[in-house]
6 protein chains.
Amino acid sequence: MALSHEMKIYGGIKLYTGTASPELALKVAEYLGETLCERDIIEFPNENLFVKLRTSVRGQDVYVIQHTAAPVHRNLMELLILLQTLHLDSAARVTAVVPYLCYGRSDKKDQPRVPITARLVADMIESAGADRYMTLDPHSFQVQGFFSIPGDVLNAQYLLITHVNQHLRAQLHDPVVVTVDLGYAKKGRNFAAGIDAPIAFIEKRRLANDAKAQALTIIGDVEDRDVVLVDDEVDTGGSIIQAVNLVKENGARRVYVAFIHPIFSVNAAERLAALPVSEYITTDSVPLSPEKRAVLGDRLTVQSVAPLIGEVIRRAHEGRSVGQLFNE
Amino acid sequence: MALSHEMKIYGGIKLYTGTASPELALKVAEYLGETLCERDIIEFPNENLFVKLRTSVRGQDVYVIQHTAAPVHRNLMELLILLQTLHLDSAARVTAVVPYLCYGRSDKKDQPRVPITARLVADMIESAGADRYMTLDPHSFQVQGFFSIPGDVLNAQYLLITHVNQHLRAQLHDPVVVTVDLGYAKKGRNFAAGIDAPIAFIEKRRLANDAKAQALTIIGDVEDRDVVLVDDEVDTGGSIIQAVNLVKENGARRVYVAFIHPIFSVNAAERLAALPVSEYITTDSVPLSPEKRAVLGDRLTVQSVAPLIGEVIRRAHEGRSVGQLFNE
Amino acid sequence: MALSHEMKIYGGIKLYTGTASPELALKVAEYLGETLCERDIIEFPNENLFVKLRTSVRGQDVYVIQHTAAPVHRNLMELLILLQTLHLDSAARVTAVVPYLCYGRSDKKDQPRVPITARLVADMIESAGADRYMTLDPHSFQVQGFFSIPGDVLNAQYLLITHVNQHLRAQLHDPVVVTVDLGYAKKGRNFAAGIDAPIAFIEKRRLANDAKAQALTIIGDVEDRDVVLVDDEVDTGGSIIQAVNLVKENGARRVYVAFIHPIFSVNAAERLAALPVSEYITTDSVPLSPEKRAVLGDRLTVQSVAPLIGEVIRRAHEGRSVGQLFNE
Amino acid sequence: MALSHEMKIYGGIKLYTGTASPELALKVAEYLGETLCERDIIEFPNENLFVKLRTSVRGQDVYVIQHTAAPVHRNLMELLILLQTLHLDSAARVTAVVPYLCYGRSDKKDQPRVPITARLVADMIESAGADRYMTLDPHSFQVQGFFSIPGDVLNAQYLLITHVNQHLRAQLHDPVVVTVDLGYAKKGRNFAAGIDAPIAFIEKRRLANDAKAQALTIIGDVEDRDVVLVDDEVDTGGSIIQAVNLVKENGARRVYVAFIHPIFSVNAAERLAALPVSEYITTDSVPLSPEKRAVLGDRLTVQSVAPLIGEVIRRAHEGRSVGQLFNE
Amino acid sequence: MALSHEMKIYGGIKLYTGTASPELALKVAEYLGETLCERDIIEFPNENLFVKLRTSVRGQDVYVIQHTAAPVHRNLMELLILLQTLHLDSAARVTAVVPYLCYGRSDKKDQPRVPITARLVADMIESAGADRYMTLDPHSFQVQGFFSIPGDVLNAQYLLITHVNQHLRAQLHDPVVVTVDLGYAKKGRNFAAGIDAPIAFIEKRRLANDAKAQALTIIGDVEDRDVVLVDDEVDTGGSIIQAVNLVKENGARRVYVAFIHPIFSVNAAERLAALPVSEYITTDSVPLSPEKRAVLGDRLTVQSVAPLIGEVIRRAHEGRSVGQLFNE
Amino acid sequence: MALSHEMKIYGGIKLYTGTASPELALKVAEYLGETLCERDIIEFPNENLFVKLRTSVRGQDVYVIQHTAAPVHRNLMELLILLQTLHLDSAARVTAVVPYLCYGRSDKKDQPRVPITARLVADMIESAGADRYMTLDPHSFQVQGFFSIPGDVLNAQYLLITHVNQHLRAQLHDPVVVTVDLGYAKKGRNFAAGIDAPIAFIEKRRLANDAKAQALTIIGDVEDRDVVLVDDEVDTGGSIIQAVNLVKENGARRVYVAFIHPIFSVNAAERLAALPVSEYITTDSVPLSPEKRAVLGDRLTVQSVAPLIGEVIRRAHEGRSVGQLFNE
C-alpha cells in the first residue's frame with residue numbers, strides 16, 4: 001500500500017481554547033472548517049482552576065489557542081493546565097498556540113540580579129507537555145532560542161503593511177515610518193520597506209542629573225510629512241503619546257499608528273482617543289472589549305490574525321511548508 | 001586544618017520573601033536573628049512582574065518564603081521569578097519555602113481527562129531553579145513524590161494538638177474528633193490519638209437519582225460529646241458548615257474546629273462566625289487580614305508556624321537533623 | 001487521500017510478556033485476537049537476565065505485560081530490560097502494562113530519612129524507555145503524579161462490586177462494608193456505594209506505653225450484619241485475620257472479603273482458609289498458583305482483569321476514549 | 001479502514017547530506033530511488049556555517065548522511081547544525097547517518113584526568129535533535145551505550161570478508177589473519193572465521209627503560225603464510241607499516257591489508273604505496289580523493305557501503321527488521 | 001567554629017586555557033596572582049584532540065578561558081573537551097569563560113528552515129559539563145536565555161568609552177556616534193550617551209529589483225562632524241568600509257571606529273588600513289597576530305579585557321557581587 | 001580568613017553499606033578510621049525493601065558501599081533505595097561505591113534486538129540520586145561513558161600482579177600469561193607486562209556445522225612453561241576449566257589462575273578445587289562464604305580491595321588526586 005507523502009501523520013486536528021481567546025479561536029475553527037472541542041474550565045472559590053475534556057484526544061493532533069495578556073497569570077496557568085491535561089490524555093502531539101506571549105520584554109539580564117522571565121515561561125510551556133508552540137511577533141525573535149521544542153513564530157506585521165498599502169498609501173503625503181524607540185529599529189525598517197517609505201527613529205536618553213527624566217530626540221526627518229508610528233505592542237499608550245507629541249512638535253502632518261498587539265492596559269484607549277491620530281491599525285491577537293473599541297470608533301482598524309493562524313495550523317497538521325505561505 | 005563536621009557548608013542564610021507572606025517571613029527572620037534581604041518587586045500596568053535583588057547572593061544559602069494561596073497565580077509566578085533570579089545570580093543553594101502549596105487537591109486523575117496540577121506546580125518550582133523545597137501539611141503527603149529535589153514537608157498539626165491539650169483538653173466533655181470527610185481519616189486519627197480521644201467520620205455519598213445531591217452520614221458516635229472537627233484547610237467554609245450542622249443534629253455538645261490552612265475564600269469568615277462553634281484553631285501559614293480576624297474575634301486562635309519554619313531552616317543550613325526536632 | 005480520524009496512528013499492536021504474567025498476557029492476547037510476540041529470556045548462572053526479541057518491533061505499538069509482585073526485583077528488572085530492548089529496537093511507542101506495581105506503599109516520607117520508592121520505580125520505568133504505562137488500582141492514585149509520561153490507571157474494584165451485586169447482594173443480610181484500615185476509607189466508601197450498603201472502618205491506634213501494641217476499634221456498626229471486608233491487596237493476611245476476628249467479636253454474621261491484588265506471601269492462603277469467611281473475591285492481577293487456589297477451594301472467586309486490560313489496550317491503540325469504557 | 005502493519009508510519013524518506021559525504025549520499029539516494037533534498041550550506045569568512053533547507057520537512061522521516069573524518073570539527077558542526085535545523089522544522093523523525101564517527105578511540109578513561117570524547121559527541125548528536133543514529137563499525141561497539149536514542153550500528157566487515165572469499169581466498173597460501181594490535185583481537189577473530197583461516201596478533205609492549213620505545217611481538221604463526229592484516233581504520237599508516245615489516249621479518253609470504261575506514265591522514269597513501277602489500281581492501285565510509293586513489297592504483301579495492309546504508313534506511317523507514325538483513 | 005560568610009565555598013581557583021587564548025589567560029592569571037594550570041593538549045594526525053590535566057581538580061573552582069573565533073570549530077571542540085575532562089575529574093564547579101562566543105548572529109529563525117546555532121552552542125557548553133559561563137558582549141544579550149545555567153555576561157563597551165573620553169573626547173569636533181547597522185541601534189545609543197554625543201544610524205535596505213543590491217542611507221546628521229563608528233565586531237571589514245565611505249560622502253570630518261571583538265577575517269587588517277580612519281579602538285577578546293597589529297600600526301588601540309575578566313572571576317569565586325563592580 | 005585549598009569542601013565522610021558487602025565496608029571504615037553509619041534495612045514478607053537512616057546526612061559527603069553480585073536484583077534495588085534515601089535527606093554529595101557492577105557483559109548490541117543492560121544500570125544509579133560512582137575493574141572500561149556523572153573506576157589488577165611478583169615470580173619456570181578469551185587480550189597484556197612475561201591467548205571459534213560446538217586454540221606458546229591464566233571474573237568456572245585443560249594438553253607445567261571478581265556461581269568452588277591448579281589469586285570485591293573458601297583451602301589467596309577503596313574515598317573527600325595514588 002503506497003501512502004502519499006501528504007498523508008496526515010497524526011490523528012485529526014483538535015482545537016481547544018481556554019477562557020482568554022474564545023473569539024479568535026472560533027474564527028480559527030471556522031477558517032479550518034472545524035469546531036472547537038468541548039471542555040469544562042472551572043475556577044473554584046480558592047482561585048484554583050480545573051479542566052476536564054469532554055472527549056478523548058488519544059492519538060490526535062491538538063492545538064490550544066490562548067493568549068497570555070491580562071489576566072496574565074491566570075491565562076498562563078490555564079494554558080499550562082490545558083497542555084498537561086492533553087499530554088496526559090495521550091495526545092499524539094500538542095501545540096501551544098499563543099497569539100501573545102507574556103513577559104516578552106524580560107528576555108535578558110541587562111542589569112545584574114534580574115530574571116529572564118521569558119525563558120521561564122518557555123520552560124513552563126515545554127514542561128507542561130507542549131510538543132510544539134506557535135506565537136505571533138514576540139518582542140524579540142530570539143525567544144525562539146528559549147524553546148528546545150520546534151515552533152512557528154509568525155510575523156503579523158505584513159497584515160498591517162498590507163492594510164496601509166491597500167487603503168492609505170496612495171493618499172499619504174511624503175510618508176515616513178517612525179519607530180517609537182530604538183529597540184524596534186530593524187522591524188521598523190522592514191515596515192518602511194514594506195510601504196516604500198523612509199524611516200526615522202525616536203531616541204530616548206536618560207538625563208545625567210535626573211535618573212527618571214528622559215530626553216527624546218527624533219533621528220531622521222519628519223517635517224511636513226505624514227508619519228506612520230510603529231511598534232510591536234501598545235500597553236498604557238505612554239510611549240505613543242510621547243511619540244505623537246514629538247513628531248507633531250517637529251512638524252509632522254497626519255499621524256497613523258500601527259502595532260501588532262493591542263494590550264491597552266488601564267485607560268490606554270481613552271488616552272489614545274485624545275491624540276491627533278488619524279488611524280490606529282492593529283490585530284486581534286489580544287481581544288479588545290467592545291467598550292474599548294467604541295472609544296476609538298472609526299479610527300480603529302483591526303486586522304484578524306485568524307486566517308494566518310488557521311492556515312499555519314492546517315499546514316503544520318498536513319506536513320506542508322509554512323514558509324511557502326509567506327513566499328519567503 | 002581540621003574543620004568540624006558542623007561547619008556551614010554553604011555561605012550564609014539569605015532570607016527572601018515575595019509580596020504574599022511578608023509578616024510570616026519577618027517572624028521567621030526574627031526567630032533566626034536575621035534580616036530579610038531587600039529586593040524590588042514591581043508590577044507593570046500590563047500585570048507583568050519584575051524582580052531585582054538589591055544585593056548579590058553568589059554562593060549563599062537562600063530561602064524564599066512565599067505562600068501560594070490567593071492571589072494564587074500571581075503569588076506562584078512571583079515565587080517562580082524569585083527562584084529563577086536567585087538561581088541565575090549563582091546562589092549556592094535555593095530553597096522554596098511555601099507554607100501553603102496551591103493545587104494540592106489536584107493530585108491524581110480520579111476521572112478521565114483531567115490534569116494533575118500539583119505535579120505541574122512541582123515541575124515549575126524545580127525548573128525555575130529551586131534546589132530544595134519546604135512546605136507545610138500538603139493535602140496529600142504523596143506530593144513529595146512529585147518532586148525530584150529533596151524537601152522538608154513539615155507537619156503543623158502538632159501545633160493544633162498542643163493548643164488543644166494545653167488550653168482545652170481538661171474541660172472537654174467526652175471529646176470526639178470528627179473529620180469533615182473520609183479523605184482526612186488517617187490524619188484525623190493522628191489528631192485523635194494526639195488528644196487521646198476517639199474518632200468519628202462524616203461520610204458524603206452521592207445520591208443515585210440526583211447527581212448533585214449528597215447524603216451525609218456520621219460514622220461513629222458524637223451524641224452528647226464535645227466535638228473537635230478537623231481538616232487540613234478551610235476554603236469557603238461550606239464543608240465546615242455542613243459538618244457543624246450534622247454533628248449538632250446528632251446531639252453533639254460544644255464544637256471546636258481545628259485546621260492548618262485558613263484560606264477563607266469569599267465570605268468564609270462571616271459564615272463561620274454565624275456557626276455555633278466555640279473556637280476556631282488554625283495557623284498563620286496563610287495570612288488572615290485584620291478584618292477577617294475581627295469577624296471571628298476571640299473565637300479565633302492562630303498558632304504561628306514561624307518558629308517551626310525558622311528552626312528547620314536553621315537545621316537545614318547547618319546540616320543538622322530536622323527529624324530530631326520532632327523527636328520522630 | 002482522506003484518512004479517517006480513527007486510523008491506527010502507530011504500527012500494529014505487539015504484545016510482550018516477561019516470565020511473571022504469562023497466563024494473564026495470554027488471556028489479553030486472546031481478547032484482542034492477537035498472539036504474544038516471541039522473545040527469549042535467559043537467566044545466566046550469575047542471575048543476570050538476557051532478553052532477545054525474535055522479531056523486529058520497528059515502528060510498532062508495543063505493550064509489555066508484567067506484574068511486579070514476587071519475585072519482585074527480578075520481575076521489575078525483567079520488565080525494565082524488556083522496555084529498553086523494545087525502545088532500542090525503534091518501537092514507535094512502548095507501554096508498560098503492570099497489573100500490580102511494587103513498592104506502592106512507599107509513596108511518601110511519613111517519617112524522616114526514608115525513601116519514596118514508588119517514585120524511584122516510576123523513574124526507572126520511564127528511563128528504561130516506556131512512553132506510557134498502565135496499571136491497576138495502585139495503593140494510592142497519587143502515584144500517577146510520579147510519572148511524567150501519560151498512563152492509564154485502571155480501577156478493577158468495579159469487577160468485585162459487580163460480582164457481589166450479581167451473585168451475593170440479594171442474599172446479604174443488612175450488609176455493611178468494612179475497610180481494614182483508615183487508609184482505604186474513601187475507596188471503601190466507593191465500594192459501599194457500589195453495593196448500596198453502609199460503611200464502617202477499623203481504626204488501628206498505637207498504644208502509648210508499648211510501641212508495638214495496637215488497639216483496634218470499629219467505627220460504625222457491624223452487629224448482626226453481613227460484613228464485606230475490603231482492601232486493595234492481601235499480603236500475609238495478617239490485617240484480614242485481625243479484621244475478621246474483630247468484626248466477629250462485634251457481632252457480625254457472615255463475612256466476605258474482597259480485594260484487588262492477591263499477593264498471598266508466606267502461608268497467607270492457609271491462614272485465610274482457617275478463617276470463618278464465606279467467600280474471598282479477588283482478581284488475577286497477580287497469578288495464584290494452583291496449590292494456593294486449592295487451599296481456598298470454592299470459597300475463592302477470581303475475576304479476570306484480562307478483558308479490562310485488553311479493551312484499554314485496544315482503545316489506546318486505536319486512539320479511542322478509555323474513559324467512555326467506564327461510562328465515566 | 002484497515003491499514004496494513006507495513007504502512008509507512010512517518011511521512012516520506014527525505015535524504016540530506018552536508019559537504020562531507022556527497023558521493024556516498026548520492027549512491028544511497030540512487031539505491032533508494034530517491035533524490036537528495038536541496039539545502040544551502042554557506043561558510044562565512046569568519047568560518048561560521050549557515051544552513052537553509054530549500055523545502056519543508058514537516059512530518060517527514062529525515063536522514064542526514066555525513067561522516068566526521070577530516071575536516072573533523074567542521075564536519076561535526078555541520079552535522080549538528082543540520083540536525084537542529086531539521087528538528088526545528090518539525091520533522092517527524094531525524095536520523096543522523098554517520099558512516100565514520102569521530103573520536104571513537106576516546107571511549108574511556110584509561111588514565112586519570114582525560115576526557116571520554118566519544119560520549120561528548122554522542123551527547124551533542126542527541127541534544128542537536130537526532131531521534132536516531134546510524135553508524136558503521138565504531139572503534140568499540142560499546143559506543144552504542146553512550147547514546148540514549150535508538151540506533152543502528154552496522155558491521156561492514158562482511159563486505160571485506162566477501163571480497164576476500166570471492167576474489168582472493170582460492171589463491172591464498174596457508175593464509176593467516178593478523179590483527180595490528182590486541183584491541184582488535186575479537187574482531188580479527190571474526191574476520192579469520194569468515195575466511196576460514198587461523199589468527200595471529202601483534203602485541204605492542206612499552207619498554208621499561210624508555211617511555212616511547214615499543215617492542216612488537218607476533219603471537220601466533222605467520223611464517224611461510226600469506227597474511228591478511230586487519231584493523232578498523234588506517235590513519236597515518238604507521239601501525240600498518242610496523243605490522244607489514246614485522247610479518248615480513250617473520251617470514252610471511254604475500255601481505256594483504258583489510259580495514260573499514262580509510263582515514264589516510266597526512267601522506268598515508270604514499271607511505272602505504274611503498275609497502276610490499278599485494279592489495280588494500282577498504283570501503284567508502286570516508287571518501288578518498290582521486291589523487292590518493294591514484295597513488296595506490298590497482299592495489300586499492302573499495303567496497304561501497306551505500307547499498308548497506310540504503311537498505312537499512314529503507315527498512316528503518318518501513319518498520320521492517322534490519323537484523324534479518326544480516327541473517328543474524 | 002564560626003566561619004565568616006565570605007569564606008571560599010569551593011576549593012581554590014584553578015585557571016585553565018586551551019590553545020586559543022593563551023595571552024589573555026596569562027594576563028588574567030597575573031591579575032589574580034595565580035598561575036595557569038598545566039595540561040597537555042594534543043592534536044593527532046586525524047585532527048582528533050586529546051586533553052590530559054597534569055594535576056587533579058577534585059573539589060576545585062575551575063575556570064576555562066577560551067575564545068571561539070577562528071579556528072572556530074576546533075576552538076569550540078577544545079573548549080568542550082576541557083569542560084568534560086574537568087567535570088569528569090570531579091571539579092566542584094566549572095565555569096566556561098568565553099571572551100568571544102561563536103555563532104552569535106545565528107540567534108533566531110528570521111526566515112523559515114534555518115538553525116538557531118547560538119542555542120546549539122549553549123546546549124553543547126551545558127552538556128559538556130559547565131556549571132556556569134562567562135562571556136563578553138554577545139551579539140544579542142538574549143543569548144543569556146539560551147543557557148539554563150547561571151552566567152556573567154560582561155559589557156566591555158565601557159572600556160572603549162573610557163578610552164574615547166580620556167584620550168579623544170576633548171579634541172573631537174561636534175562628534176556623532178554612528179552605528180554600522182540598525183541592529184546595533186540601542187547599544188550605539190548607549191555608546192553615544194557614554195561620550196555625550198548625538199547618534200546617527202546607517203540603514204541598509206534591499207533594492208526591490210535586485211536581490212543582492214543594497215541601498216545605504218544615513219539617518220541622522222554627520223555633516224562637518226567627527227564620526228565615531230561603532231559595532232560589536234569587525235569581521236571582514238566590509239560593513240566598516242561601506243560605512244566610512246558613506247559618512248565621508250555625507251561630509252564627515254575625522255572618522256574613528258570602535259568595536260569590541262577584532263575578528264579580522266581574511267585581509268580585513270589590510271582593508272581597514274587603507275581607509276581614512278584616524279583610530280581603531282578595540283579589545284583583546286580575540287587575539288590579533290603581531291602581523292595584523294603591524295598593518296594598522298599606531299592607529300590601533302587595544303584595551304585589555306583581562307582585568308575585567310580577572311576581577312569577575314575573583315568575585316564569582318569569593319561569592320561577592322559582580323554587579324557592584326559596574327556600579328550598576 | 002584564608003582557608004587552605006585542602007579544606008574539606010563537603011561535610012564529613014559518612015559511610016553506608018547495604019546487606020551485600022558488610023565485611024568489605026567494615027574494612028574500608030577501619031582503614032579510614034570511621035564507623036559505618038547505622039541504618040535499618042527491612043525486607044517485608046512481600047519482598048519489598050524498606051530503609052531508614054538512624055541519623056541525618058544533611059550536608060554530608062556520603063559513600064554507599066554495595067556490590068551487585070548475587071542476589072543481583074535485590075542488591076541492586078537496595079543500593080538504589082539507599083541512594084534515593086540519602087539524596088532526599090539532602091546529603092551534599094552521594095557516591096555509589098560498587099565493587100562489582102552487575103550486567104557488565106551486556107554493554108553493547110552485538111546482535112539485533114538485545115538490550116544494553118549496563119547502560120540501564122548506569123541510568124538507574126544516576127536517577128536514584130548518585131552524584132558520583134566508584135567501581136572496580138568493570139568488564140569493559142567503556143562503561144564509564146554510560147554515566148554522565150563523574151566516577152572513579154579503579155583497577156585492582158595491580159593487587160594480583162603485586163602478589164605474583166612478591167610471592168611467586170622468582171620460582172616460576174618460563175612463565176607465560178594466558179587469557180581465557182580474546183576479549184581480555186589487552187588487559188592480559190598489561191598483566192604479562194606487569195610480571196615481565198610473554199602472553200598467549202585462547203581463541204574460541206564456533207564450528208561451522210554445529211552452532212553450539214566450539215573449537216579452542218592456543219595462540220602463542222605454553223609448552224613446558226608455567227602458566228598464569230587471567231580473567232576479570234570467574235562465574236561458574238566453565239571457561240577456566242576449559243582453559244586449564246587446554247594448556248595442560250599443550251604441555252604447560254604448573255598453572256596459576258588470577259582474576260578480580262570471585263562470583264563463584266553454582267558449584268564453581270568445587271569444580272575449581274578439582275583442577276590441577278597451584279593457586280587461585282583473587283580479591284574480596286565480592287565476598288566468598290567461609291564454605292567456599294574452605295573448599296579451595298590454601299590454594300586460594302584473597303587480596304583485599306578495602307585499602308584501595310578507602311584511600312580513594314579519602315582522596316575524593318579531601319579533593320586530592322586519585323591518579324597520583326597509582327603513580328599514573
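Predicted, not measured: the structure shown is a model, and the values here were computed from it.

Novice: Teacher, can you tell me more about the overall build of chain A here?
Specialist: Across its full length, chain A holds 9 helices and 14 strands. Here chain A has a C-alpha radius of gyration of 21 Å; the compact-globule value for 328 residues is 20 Å, and the two agree. For chain A, the spread of C-alpha atoms along the principal axes amounts to about 65 × 45 × 35 Å. Classification of the 328 residues of chain A by burial places 64% in the buried group. Looking at chain A alone, contacts between residues at least 24 apart form 63% of all its contacts between residues at least 6 apart. Summed over all atoms, the accessible surface of chain A reaches about 11,200 Å², with 47% contributed by carbon and sulfur.

Novice: Can you walk me through the environment of D:Cys102 in this structure?
Specialist: Assignment of secondary structure puts D:Cys102 in the loop between strand E5 (93-98) and helix H3 (117-128). Separated by 207 residues in the primary sequence, D:Cys102 and D:Ile309 have C-alpha atoms spaced 18 Å apart. With residues up to four places along the chain from it excluded, the contact list for D:Cys102 reads D:Thr68, D:Val72, D:Leu76, D:Val121 and E:Asn48.

Novice: Help me understand the relation of the copies chain A and chain B, please; the structure alone is not making it clear to me.
Specialist: Here the second copy of the chain follows from the first by a rotation about an axis and a shift along it. At an RMSD of 0.0 Å, chain A and chain B line up after a rotation of 180° and a shift of 0.1 Å along the axis. Taken together, these values place the two copies in the relation of a two-fold axis. Relative to the rotation axis, the closest C-alpha in chain A is found at A:His73, a distance of 2.6 Å. Comparing interface residues between copies, 100% of those in chain A also sit at the interface in chain B, which points to an isologous, same-surface contact.

Novice: Mind showing me how you'd approach the interface of chain A and chain B here?
Specialist: With 48 residues of chain A at the interface, the matching set in chain B holds 48 residues. For the pair chain A and chain B, the summed buried surface comes to about 3,900 Å²; carbon and sulfur atoms form 60% of the total. In this assembly, chain A and chain B are joined by 0 salt bridges. Taken together, the links from chain A to chain B amount to 20 residue pairs in polar contact (both at pLDDT 80 or more). Top element by residues in the side of chain A that touches chain B is helix H2 (residues 72-88) of chain A. It accounts for 10 residues.

Novice: Even after reading the chapter, I still don't get the packing of aromatic side chains, so can you show me in this structure?
Specialist: Aromatic ring pairs are described here by two measures, namely the spacing of the ring centres and the angle between the planes. Applying the stated criterion to the full structure yields 24 aromatic pairs over all chains. Centroid distance D:Phe259 to D:Phe264: 6.1 Å. Interplanar angle 35°. Geometry classified as tilted. Judged by relative accessible area, which is 0%, D:Phe259 ranks as buried. Between E:Phe44 and E:Phe50, the aromatic rings sit 6.2 Å apart at their centres with planes inclined by 40°, giving tilted as the arrangement. E:Phe44 sits in the partly exposed class, given a relative accessible area of 37%.

Novice: It is not clear to me how the environment of D:Ser304 should be interpreted in this structure. Could you clarify?
Specialist: Residue and element names in this part refer to chain D. Here Ser304 is to be found in the loop between strand E14 (300-303) and helix H9 (306-318). C-alpha separation for the pair Ser304 and Thr282, spaced 22 residues apart in sequence, amounts to 8.7 Å. Dropping the residues within four chain positions of it, Ser304 is found in contact with Lys27, Leu159 and Asp284. At a separation of 3.1 Å, a polar atom in the side chain of Ser304 contacts the main-chain amide nitrogen of Ala306.

Novice: I'm lost on the side chain of E:Thr68 in this one. Help?
Specialist: Residues and elements named next belong to chain E. Relative to the assigned elements, Thr68 resides in the loop between strand E4 (61-65) and helix H2 (72-88). On the basis of relative accessibility, which here comes to 1%, the residue Thr68 falls in the buried class. Engagement of the side chain of Thr68 in a polar contact is seen with the backbone oxygen of Tyr100, the distance being 2.7 Å. Separated by 2.8 Å, the side chain of Thr68 and the backbone nitrogen of Cys102 make a polar contact. If we ignore the near neighbours within four places in the chain, the residues touching Thr68 are Asn75, Leu76, Leu79, Val98, Tyr100, Leu101 and Cys102.

Novice: Would you mind going over the sheet that holds strand E4 (residues 61-65) of chain A with me for this structure?
Specialist: Each strand in a sheet pairs with another by means of backbone hydrogen bonds, the pair being arranged parallel or else antiparallel. All names here are of chain A. What the 5 strands build is an open sheet, ordered E1-E4-E5-E6-E7; its pairing is parallel. If you trace the sheet from one side to the other, it starts and ends with strand E1 (13-17) and strand E7 (151-154), each paired once. Each strand of the sheet is rotated relative to its neighbour by a mean of 15°, with strand direction disregarded. Note: E1 against E4, 5 bridges, orientation parallel. Opposite Tyr16, over in E4, you have Val64 as the bridge partner. Here helix H1 (residues 22-32) sits on the sheet and contacts E1 and E4; the angle it forms with E1, its principal contact strand, is near 165°. Packed onto the sheet, helix H9 (residues 306-318) meets E1, E4, strand E5 (93-98), strand E6 (132-136) and E7 and runs at close to 155° relative to E6.

Novice: What is the right way to read the pattern of salt bridges from this model?
Specialist: Pairing of side chains with opposite charge becomes possible as their charged atoms draw close. For the structure on display, the rule yields 120 salt bridges over all chains. In this structure, the salt-bridge partner of A:Asp226 is A:Arg253, at a minimum N-O distance of 3.7 Å. Here the residue A:Asp226 occupies a position in the loop between strand E10 (214-219) and strand E11 (227-234), and A:Arg253 occupies one in the loop between helix H6 (238-249) and strand E12 (255-262), the gap between them amounting to 27 residues. Residue classification places A:Arg253 among the partly exposed positions, given a relative accessible area of 36%. Its salt-bridge partner being E:Glu78, residue E:Arg74 comes within 2.7 Å of it at the nearest N-O pair.

Novice: Even after reading the chapter, I still don't get the sheet that holds strand E1 (residues 13-17) of chain C, so can you show me in this structure?
Specialist: All names here are of chain C. Strand order in the open sheet formed by 5 strands is E1-E4-E5-E6-E7, with parallel pairing between adjacent strands. The sheet is open, and its two edges are formed by E1 and strand E7 (151-154), each paired on a single side. When the angles between neighbouring strand axes are averaged without regard to direction, this sheet yields 15°. Note: strand E4 (residues 61-65) against strand E5 (residues 93-98), 5 bridges, orientation parallel. Bridge assignment links Ile65 to a residue of E5, and that residue is Val97. Most of the contacts of helix H1 (residues 22-32) go to E1, to which it runs at about 165°, and overall it touches E1 and E4. Here helix H2 (residues 72-88) sits on the sheet and contacts E1, E4 and E5; the angle it forms with E5, its principal contact strand, is near 165°.

Novice: Would you mind showing me how to read the pairing of strand E12 (residues 255-262) of chain D here?
Specialist: Moving residue by residue along a regular strand, the side chains alternate between the two faces of the sheet. All names here are of chain D. Among the 8 residues in E12, 8 count as buried, and that is most of the element. Here strand E11 (residues 227-234) runs beside E12; their pairing, made up of 7 bridges, is parallel. Its bridge partner lying in E12, Val234 is registered against Pro262. The parallel pair E11 and E12, bridged by helix H6 (residues 238-249), forms a crossover whose chirality is right-handed. Relative to strand E13 (residues 279-283), E12 is paired through 3 bridges, and the arrangement is parallel. By the bridge assignment for E13, Tyr256 is matched with Glu279. Regarding the hand of the β-α-β motif, the stretch spanning E12, helix H7 (residues 268-273) and E13 is right-handed.

About the thresholds
Residues numbered from 1 in each chain as written. Chains lettered and ligands numbered in written order. Predicted model: local features only at pLDDT ≥ 70, side-chain atom pairs only at ≥ 80, totals over all residues. Heavy atoms only, no water. Helix = DSSP H or I, 4+ residues; strand = E, 2+ residues; numbered from the N terminus. Rg over C-alpha atoms; globule rule 2.2 N^0.38 Å. Buried < 20%, exposed > 50% of the residue type's maximum accessible area, 1.4 Å probe, protein only. Contact = heavy atoms within 4.5 Å. Areas by Shrake-Rupley, 256 points an atom, 1.4 Å probe, with all protein chains shown as cover. Least-squares fit on C-alpha atoms with pLDDT ≥ 70 in both. Buried area = accessible area lost by both parts, 1.4 Å probe. Salt bridge = Lys/Arg side-chain N within 4 Å of Asp/Glu carboxyl O. Polar contact = N/O pair within 3.5 Å; in protein donor to acceptor, adjacent residues only side chain to side chain. Phe/Tyr/Trp six-rings, centres within 6.5 Å; stacked < 30°, edge-to-face > 60°. Pairing = 2+ DSSP bridges. Axes fitted to C-alpha atoms, helices over the stretch in contact; angles between N-to-C directions. Right-handed = clockwise from strand over helix to strand, strands pointing away.

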